[in-house]
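Structure assessment
Next come the chains, spelled out residue by residue.
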Amino acid sequence: MGLLFEAPALCTTPRIFAGVLVVAGLCILILALYNLLLHPLRRFPGPKSWAISRIPYARSLTNATLPYDIDELHQKYGPIVRVAPDEIAFAHPQAWKDVMGRGSSDLPKWAQTYLSNTAVKPHIQNCVDMEQHRQLRKAIAPGFSDASLRAQEDIVERYASLLVRRLKGMCLAGGRIGGEKERSEEKVVVDLNAWFNYLTFDIIGDLAFGESFGCLETSDYHPWVQSIFKMGSASAYVVAACLFPPVKTAMGFLLDRFIRKKLEYHLQITAELMKRRIDAGSDMRSDIVAPLLKQVEENKLGFDELVANSAVFIAAGSETTATTLAGCVYYLLRNPEKLEKVKKEIRETFENEEEIGFDSVRGLKYMIACLDETMRLYPPVPTGLPRVVPTGSGGTMVCERWLPEDTVVTIQPYAMYHSPALWTDPEKFVPERFTREDPEYANDAIEALKPFMSGTRDCIGKNLGMFEMRLALARFLFNFDIELVDESVGWIGKQPVFWMVRKKEPFLHRSPESHLEGETWYTSSFWIHHLGVDVFAVFATC
Ligand code: HEM
């Protein structure tokens, strides 16, 4: 009888699995050591954990606390910080010039995040190819020219008047419209954040589709508008996944399906609205979409691209202006002497509401300073928007620091606008710093404020947005006296409620009753920054 010896099983499944894990672990370790000790950006200041991998950055992004976390890093490490293995964040005004003030050689947008959402057709805001963008922008620009804005003045005014009429109606009816709470015979509590959103969505809907979303009439969000809010959180996850190319490759299909499902309804309604506009013949009107319709007619642009660009106008041009308006009213309510000052300016300038128009609002210097100060303290786009040093460029200088090619560059609005090195009392609401009335604030770096960014990729809707905000705020404050309902509504502890909510419960922010009723409403994402100001004000009768 022979003896049988079994050879030890060297290749069992658990062993292969363990081997793969060890190799993967070693690779990660080597990469982390490389990022820390050998990477060309290793000498930039910043926390080691953020320099080693993108994980802390992605976590902060999906937590919706990115602007605040990066602000803390700037406070600790200075105006130039390494916030990821390949990313340098700048909170220095010189960066505007070096990154976005170079004309045709502005640093391009970073494809890894801007093109993360493959379900969306290319449009003016996400396209990264500079030449393609130049052509698209040239085609779109006439719709945003001064002449076109003047032609749109009546439309904007119509909705500003409707807002005033609706709110007046509520005062007279003692708050019985739209489910708002009744306080007393004379005073009505309204969620101004919602009403400003109704206004700006209606305006931009009309300018893009030739019909409004009917939000002001119905005191509610159109389902299409709700879908914009819902997509915010989804895109934060998609962008976070795209920060890790292997994850994106492995999960690309699933991510695509995930976001596509969320987008389907949105794109379907956009296409329907656009078809309706074309059928109704309102394509002859001069507005922000008219130049694109002409391009479609001349077969220079596809219907899909028309839809994608119109949809981006709505997303970019509504909630940003509404957030600023709500934020401004909030800060005025918190600073009654400033509120009185701005009301006095408006009410002494105009005798009746109809005088408040495109040209006349430009004279309201103090009110404009209030809007600027709001966009400083509470920027509607608070997060750095990534640009990249192009491959093959050999690198570039930003703020006197050399950056090798492929470095991701962000300018951090929130951190820059809250920096004590640039602003006296940065946390205080002081519009006088922009009117230069107060010598105490004479050294403030007001040129650092660029809420619409700058350069070739700046906001094309800047003038329209400014006009909407000025007109709406002037007419609103001309007509109504406002007061904060309750300290606890606006503030939790010593912080404004919208920041506390975001920091404490960054994802599950339950909307107040008139705001997407019954829905769990997700706060900020990377691209859609709804900071969730819930400004409740009491109107006195008018
Ligand atoms: C307070 C109001 C607004 C703010 C703070 C704001 C801010 C910005 C910012 C920061 C960008 C640069 C985005 C990036 O680099 O990816 C941008 C781009 C853009 N905005 Fe606005 N925006 C406002 C209002 C509007 C309005 C009313 C429209 C009208 C449709 C609009 C349409 C756009 C478009 C189409 C772009 C892309 C431009 C391009 O890449 O060439 N925005 N906006």
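Conventions and cut-offs
Chains are numbered independently. Their residues run from 1 in the order of the written sequence. Local features in this predicted model are restricted to residues of pLDDT 70 or higher, and side-chain atom pairs are both shown and tallied only at a pLDDT of 80 or more, whereas totals for entire chains, interfaces and linings draw on every residue. Helix and strand labels come from DSSP, where a helix needs a run of H or I of at least four residues and a strand needs a run of E of at least two; each type is numbered from the N terminus. Counting other C-beta atoms within 10 Å of its own, a residue is labelled buried from 20 upward, exposed at 12 or fewer, and partly exposed in the gap between, with every C-beta atom placed from the backbone. With C-beta atoms placed from the backbone, a contact is any residue pair whose C-beta atoms sit within 7 Å. Here, nearness means that the C-beta atom of a residue, built from backbone geometry, sits within 6 Å of the molecule or strand in question. Residue type decides the class: Asp, Glu, Lys and Arg count as charged, Ala, Val, Leu, Ile, Met, Phe, Trp, Tyr, Cys and Pro as nonpolar, and the leftover types, Gly among them, as polar. UniProt positions are given in the numbering used here, feature names are shortened, and annotations may be inferred rather than shown by experiment. Only strands joined by at least two bridges in the DSSP assignment are considered to pair. To obtain each axis, a line is fitted to C-alpha atoms, and for helices this fit is confined to the stretch in contact; angles are then taken between N-to-C directions over 0 to 180 degrees. Between 65 and 115 degrees an angle is taken as roughly perpendicular, under 35 as roughly parallel, over 145 as roughly antiparallel, and anywhere else as oblique. How sure the predictor is of each residue is captured by pLDDT, a score from 0 to 100. Helix span, as expected, comes to 1.5 Å for every residue beyond the first. Within this analysis, the arc is defined by the directions that extend from the helix axis to the C-beta atoms. Less than a right angle of anticlockwise turn of the near helix away from the far helix marks a crossing as left-handed, whereas a clockwise turn marks it as right-handed.

1. Some remarks on the overall build of the chain
- Across its full length, the chain holds 21 helices and 13 strands.
- A burial count over the chain gives 45% of its 542 residues as buried.
- A separation of at least 24 residues holds for 72% of the contacts in the chain among residues at least 6 apart in sequence.

2. A word on the site of the ligand
- Contacts to the ligand come from 23 residues, most closely from G317, T320, C459, G461 and G465.
- Of all the secondary structure elements, the ones that give two or more residues to the shell around the ligand are α14 (303-334) and α19 (462-479).
- Sorting elements by how many residues they give to the shell around the ligand places α14 first, with 7 residues.
- In the shell around the ligand, the residues fall into 14 nonpolar, 7 polar and 2 charged.

3. A short note on the UniProt feature "binding site: heme" (unreviewed entry) in the chain
- Sequence positions flagged by UniProt for "binding site: heme" (unreviewed entry) are, in local numbering, C459.
- Here C459 shows up in the loop between α18 (432-435) and α19.
- Setting aside anything within four residues of it in sequence, one finds C459 in contact with F452 and M453.

4. Observations regarding the sheet that holds strand β7 (residues 408-411)
- Sheet architecture is open: 4 strands sit in the order β1-β2-β7-β4, paired in mixed fashion. With one partner strand each, in any of the chains shown, β1 (80-84) and β4 (387-388) form the two edges of the open sheet.
- Across 4 bridges, β1 lies against strand β2 (residues 87-90) in antiparallel orientation. Bridge pairing in β2 links A84 to E87.
- Each of β1 and β2 touches helix α4 (residues 66-77); the most contacted strand, β1, lies at about 135 degrees to it.

5. Quick notes on the pairing of β1
- Within β1, 4 of the 5 residues are buried, which leaves the element mostly enclosed by the surrounding structure.
- Linkage of β1 to β2, two consecutive antiparallel strands, is achieved through a turn of 2 residues.

6. Some remarks on the pairing of β7
- Both faces of β7 are covered, namely the face carrying V408 and T410 and the face carrying V409 and I411.
- With 4 bridges connecting them, β2 and β7 associate as parallel partners. Paired with A89 across the two strands is T410, which belongs to β7.

7. Overview of unusual backbone geometry
- Phi is positive for R436, close to 60 degrees, though the residue is something other than glycine.
- A positive phi angle, near 60 degrees, is found at M453, a position not held by glycine.
- Looking at where M453 falls in the secondary structure, it is placed in the loop between α18 and α19.
- A tally of 17 C-beta atoms within 10 Å means that M453 is categorised as partly exposed.

8. Focus: the packing of α14 against helix α16 (residues 365-377)
- Running from amino to carboxyl end, α14 crosses α16 at an angle of 100 degrees, the nearest separation of the two axes being 9 Å. In terms of orientation, α14 and α16 fall into the roughly perpendicular class. Residues T324, G327, C328, Y331 and L332 of α14 lie in contact with α16, whose contacting residues are C370, L371, T374, M375 and L377.
- Classifying every residue of the contact of α14 with α16 by side-chain character gives 7 nonpolar, 3 polar and no charged.

9. With respect to the confidence of the model for the chain
- This prediction gives the chain a mean pLDDT of 82; 80% of its residues lie at or above 70.
- When the criterion is pLDDT under 50, residues 175-185 qualifies, and its contacts beyond four places in sequence or with other chains add up to 25 contacts.
- Segment residues 486-534: pLDDT under 50, and 99 contacts once partners within four positions in sequence are set aside and those in other chains are kept.

10. Considering helix α15 (residues 336-349)
- Between the first and last C-alpha of α15 there are 20 Å, a value that for 14 residues agrees with the 20 Å anticipated at 1.5 Å per step.
- Buried residues of α15: K338, V342, E345 and I346, and no others. One side of α15 carries all its buried residues, which in axial view fall inside an arc of 90 degrees. Residues of α15 that are exposed and point over 90 degrees away from its buried face: P336, E337, E340, K344 and E348.
- Contacts from the buried residues of α15 go to α14, α16 and α19.

11. Things to note about the environment of P426
- Tracing the backbone through its elements, the reader meets P426 in the loop between α17 (413-417) and α18.
- Sequence-wise, P426 and A151 are 275 residues apart; in three dimensions their C-alpha atoms are separated by 39 Å.

12. As for the packing of helix α9 (residues 192-209) against α14
- One can describe the packing of α9 onto α14 by two numbers: an axis separation of 8 Å at closest approach and a directional angle of 150 degrees. With respect to their mutual orientation, α9 and α14 come out roughly antiparallel. In this structure, the crossing between α9 and α14 has a hand that is right-handed. Packed against α9, whose contacting residues are L192, N193, F196, N197, T200, F201, I204, G205 and A208, the element α14 presents S310, F313, I314, G317, S318, E319, T321, A322, L325, A326 and V329 at the interface.
- Each residue belonging to the contact of α9 with α14 can be placed in one class, and the counts come to 11 nonpolar, 8 polar and 1 charged.

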